[in-house]
Amino acid sequence: MNDPVDYSFDELKIGLCDSFELQITESMVNDFAKNSGDFNPLHMDSKYAESTKFGKKLCHGMLLASLFSRLVGMHLPGKNALYFSQTLNFLEPCYIGDNIIIKGELLDKSMATQILTIKTSILKSEKCLVDGIAKVMLLK
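Note that this is a predicted model, so its numbers are computed, not measured.

What follows covers the pattern of salt bridges. Taken as a whole and assessed by the stated rule, the structure comprises two salt bridges. Between glutamate 26 and lysine 57 there is a salt bridge, with its nearest N and O atoms 2.5 Å apart. Taken as a pair, glutamate 26 in helix 1 (residues 26-36) and lysine 57 in the loop between helix 3 (46-50) and helix 4 (61-75) lie far apart in primary sequence, 31 residues in all. With a relative accessible area of 38%, glutamate 26 lands in the partly exposed category. Salt-bridge contacts for aspartate 98 lead to lysine 124; the nearest nitrogen and oxygen are separated by 3.1 Å. Residue aspartate 98 is located in the loop between strand 3 (89-90) and strand 4 (99-109), and its partner lysine 124 is located in strand 5 (residues 115-124); the two are separated by 26 residues in the primary sequence. On the basis of relative accessible area, aspartate 98 is assigned to the buried category, the value being 12%.

Here you go:
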């Protein structure tokens with residue numbers, strides 16, 4: 001595992017972007033179900049999921065949202081980041097085997113509060129699956 005980036009508040013410029021890619025695996029979905037206690041059949045039961053409009057098992061939306069923690073803690077702003085808040089909009093489904101990009105863009109920074117505003121998004125083939133706004137404090 002890589003070390004988190006270590007930006008100072010002054011180094012963080014509006015418009016700064018960072019991202020990482022990964023593939024959603026069945027193991028990730030199973031581990032998330034065990035850790036969260038969410039065993040909804042849309043995520044866990046192939047036969048049931050096939051009978052729905054989705055046609056196959058879905059990745060938990062909150063599993064996707066949890067990847068924003070990796071974005072904030074490791075990439076933007078990285079070391080010394082402390083989550084303050086996060087909005088979420090679930091726009092499209094994600095399936096096991098999907099390759100996704102988790103992206104952040106610095107929209108604003110407050111000198112007075114040391115709070116950063118980061119646009120967060122998860123994309124699959126340029127289609128947005130989840131987006132939102134993160135508020136992140138940068139500890140001194």
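Moving on from the model shown.
By the bridge criterion, five bridges tie strand 2 (residues 81-86) to strand 6 (residues 127-138) in an arrangement that is antiparallel. Counterpart to tyrosine 83 in the pairing with strand 6 is valine 136. Note that strand 3 and strand 6 share two bridges and pair antiparallel. Note that in strand 6 the partner of asparagine 89 across the bridge is aspartate 131.

What follows concerns the environment of isoleucine 14. With respect to the helices, strands and loops of the structure, isoleucine 14 is situated in the segment before strand 1 (17-23). Residue isoleucine 14 is classed as exposed on the basis of its relative accessible area of 52%. Taking the C-alpha atoms as reference points, isoleucine 14 and leucine 116, separated by 102 residues in sequence, lie 9.5 Å from one another. The contacts of isoleucine 14, once residues within four sequence positions are left out, are Leu106, Leu107, Asp108 and Lys109.

Scoring rules and cut-offs
Residues numbered from 1 in each chain as written. Predicted model: local features only at pLDDT ≥ 70, side-chain atom pairs only at ≥ 80, totals over all residues. Heavy atoms only, no water. Salt bridge = Lys/Arg side-chain N within 4 Å of Asp/Glu carboxyl O. Helix = DSSP H or I, 4+ residues; strand = E, 2+ residues; numbered from the N terminus. Buried < 20%, exposed > 50% of the residue type's maximum accessible area, 1.4 Å probe, protein only. Pairing = 2+ DSSP bridges. Contact = heavy atoms within 4.5 Å.

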